[in-house]
Amino acid sequence: MVHIGAVRKNEPAGITITNLSKDYETSRGIVQAMAPLSFSVKAGEFICVVGASGCGKSTLLRLVAGFEKPTTGSISVDETEVNGPSPERGVVFQDYGLFPWLTVWENIAWGPRQAHLNRELINERCDKYIKAVGLERFAKRYPNELSGGMQQRVSIARVLANEPSVMLMDEPFGALDALTRSGMQTELFHLHKEIETTVLFITHSIEEAVVLADRVVVMTGGAAKGVPGHIRDVVPIDLPEDRDVTGEHFNELERRITELVNMQDE
């Protein structure tokens, strides 16, 4: 991955979540999927959210993205309340979501074109972010000609081309093999240091969270357990940029978060 230069237009944004909850109506009545929770993300911070399946991680991300409405509470991005989706909050999913009939370059250009940017700016952004993810040689390829890891790079570049203030990432590396996943984690870590966009990253992998995050939000509970999803703790990751997954402190943090995830709800 190469340096992309200091040409970013939008500043990273902070996120404030206040008394946020979500209920769903089912055949058995109303189910509280997520209990009221509050926390904040500083502008430029990389936050990972971990927890077992069903604890509300993806629900939280969908609410921040504006895809769903909260039952109670509010979400604000730089003091502006979230009332629906916005290109200022770019979303990267596990399934890539690329347009198969468009080339790599055309996929990355799609967002800026929808924003009616001029051709020069579209070209500038596409060139910048295709270089950022190291796919210049594949600009004219189609998604079905790429590996899974390369497709996910295109997905990330496509979101970055909108220059969002916040990136929301829902298990983006979950479908990749272990070696590709490790490489993508390293690339994302360094890319974040370059562009400083605020990141909210959902993952099942505790090791991945410790590799990437400034802080890890640990969620637990869930409707299947009869306890609404909620935040158990927020763990600061006080590690250097060059993180060693075999290091003693890395493993201490990993063990601590594992214990929090597995702790029984009273």
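Residues numbered from 1 in each chain as written. Predicted model: local features only at pLDDT ≥ 70, side-chain atom pairs only at ≥ 80, totals over all residues. Heavy atoms only, no water.

1. Structural notes on the overall build of the chain
This is how it is decided: Only DSSP runs of H or I reaching four residues or more are called helices, and only runs of E reaching two or more are called strands; each is numbered from the N terminus. As defined in this context, the radius of gyration uses C-alpha atoms, and a globule is described by 2.2 Å times the residue total to the power 0.38. To sort residues, take the accessible area from a 1.4 Å probe on protein chains only and compare it with the maximum for the residue type: under 20% means buried, over 50% means exposed, and anything in between is partly exposed.
The helix and strand tally for the chain stands at seven helices and 10 strands. Against the 2.2 N^0.38 benchmark of 18 Å for 266 residues, the chain shows a C-alpha radius of gyration of 19 Å, consistent with a compact globule. Principal-axis analysis of the C-alpha atoms gives the chain an extent of 55 × 45 × 35 Å. Across the 266 residues of the chain, 51% fall into the buried class.

2. Thoughts on the environment of Ile 257
Heads up, the rule is: Here, two residues are considered to be in contact whenever any of their heavy atoms come within 4.5 Å of each other.
With respect to the helices, strands and loops of the structure, Ile 257 is situated in helix 7 (residues 248-262). Taking the C-alpha atoms as reference points, Ile 257 and Glu 241, 16 residues apart in sequence, are found 19 Å from one another. Setting aside chain neighbours within four positions, we find Ile 257 in contact with Val 50, Ile 206, Val 210, Val 216, Val 218, Val 235 and Ile 237.

3. Things to note about the pairing of strand 1 (residues 15-26)
The line we're drawing: By the convention used here, strands pair only if DSSP detects at least 2 bridges between them.
By the bridge criterion, nine bridges tie strand 1 to strand 2 (residues 29-41) in an arrangement that is antiparallel. When the sheet's bridge partners are listed, Ile 17 is paired in strand 2 with Phe 39.

4. Regarding the pattern of salt bridges
Condition: What counts as a salt bridge is simple: a side-chain nitrogen of Lys or Arg found within 4 Å of a carboxyl oxygen of Asp or Glu.
As enumerated under the stated definition, the model contains eight salt bridges in all. When the shortest N-O distance is used, the salt bridge between Glu 163 and Arg 125 registers 3.8 Å. On the criterion of sequence distance, the pair formed by Glu 163 in the loop between helix 4 (148-160) and strand 7 (166-170) and Arg 125 in helix 3 (residues 119-132) is long-range, its members being 38 residues apart. We classify Arg 125 as buried; its relative accessible area is 10%. Connected via shared salt-bridge partners are Lys 22, Arg 62 and Glu 68.

5. A few points about the environment of Pro 143
Mapped onto the elements, Pro 143 comes out in the loop between helix 3 and helix 4. Spatially, the C-alpha atoms of Pro 143 and Glu 106 are 11 Å apart, while their sequence positions differ by 37 residues. Beyond its immediate sequence surroundings of up to four residues, Pro 143 is in contact with Leu 98, Phe 99, Pro 100, Leu 102, Asn 107 and Gln 151.

6. Thoughts on helix 7
Test applied: Here the expected length of a helix is defined as 1.5 Å per residue gap, with one fewer gap than residues. Working note: the arc is built from the helix axis to C-beta atom directions.
If you check helix 7, its first and last C-alpha atoms are 21 Å apart, about what 15 residues at 1.5 Å a residue would give, namely 21 Å. All of the buried residues along helix 7 are Phe 250, Leu 253, Glu 254, Ile 257, Leu 260 and Val 261. Viewed end-on, helix 7 has its buried residues packed into an arc of 125°, placing them on one side of the element. In this structure, helix 7 carries Glu 248, Glu 259 and Asn 262 as exposed residues pointing more than 90 degrees from its buried face.

7. Here we look at helix 2 (residues 104-114)
When we look at burial in helix 2, the residues that qualify are Val 104, Trp 105, Asn 107, Ile 108, Ala 109, Gly 111 and Pro 112. Directly after helix 2, the chain includes His 116, whose backbone phi takes a positive value near 60°.

8. Side note on the nonpolar core
Using the following cut-off: The criterion is simple. A nonpolar core is a set of buried Ala, Val, Leu, Ile, Met, Phe, Trp, Tyr and Cys residues joined through side-chain atoms within 4.5 Å.
Ranked by size, the top nonpolar core spans 54 residues in total, and within it Ile 156, Phe 201, Val 216, Ile 237 and Ile 257 carry the most contacts. Counting residues per element, this core draws most heavily on helix 4, at six residues. Those residues within four positions of Val 216 in sequence are excluded, and the remaining contacts are Cys 48, Val 50, Ala 209, Asp 233, Val 234, Val 235, Ile 237 and Ile 257. Residues Leu 20, Val 77, Val 91 and Val 166 belong to the second largest nonpolar core, which totals 26 residues.

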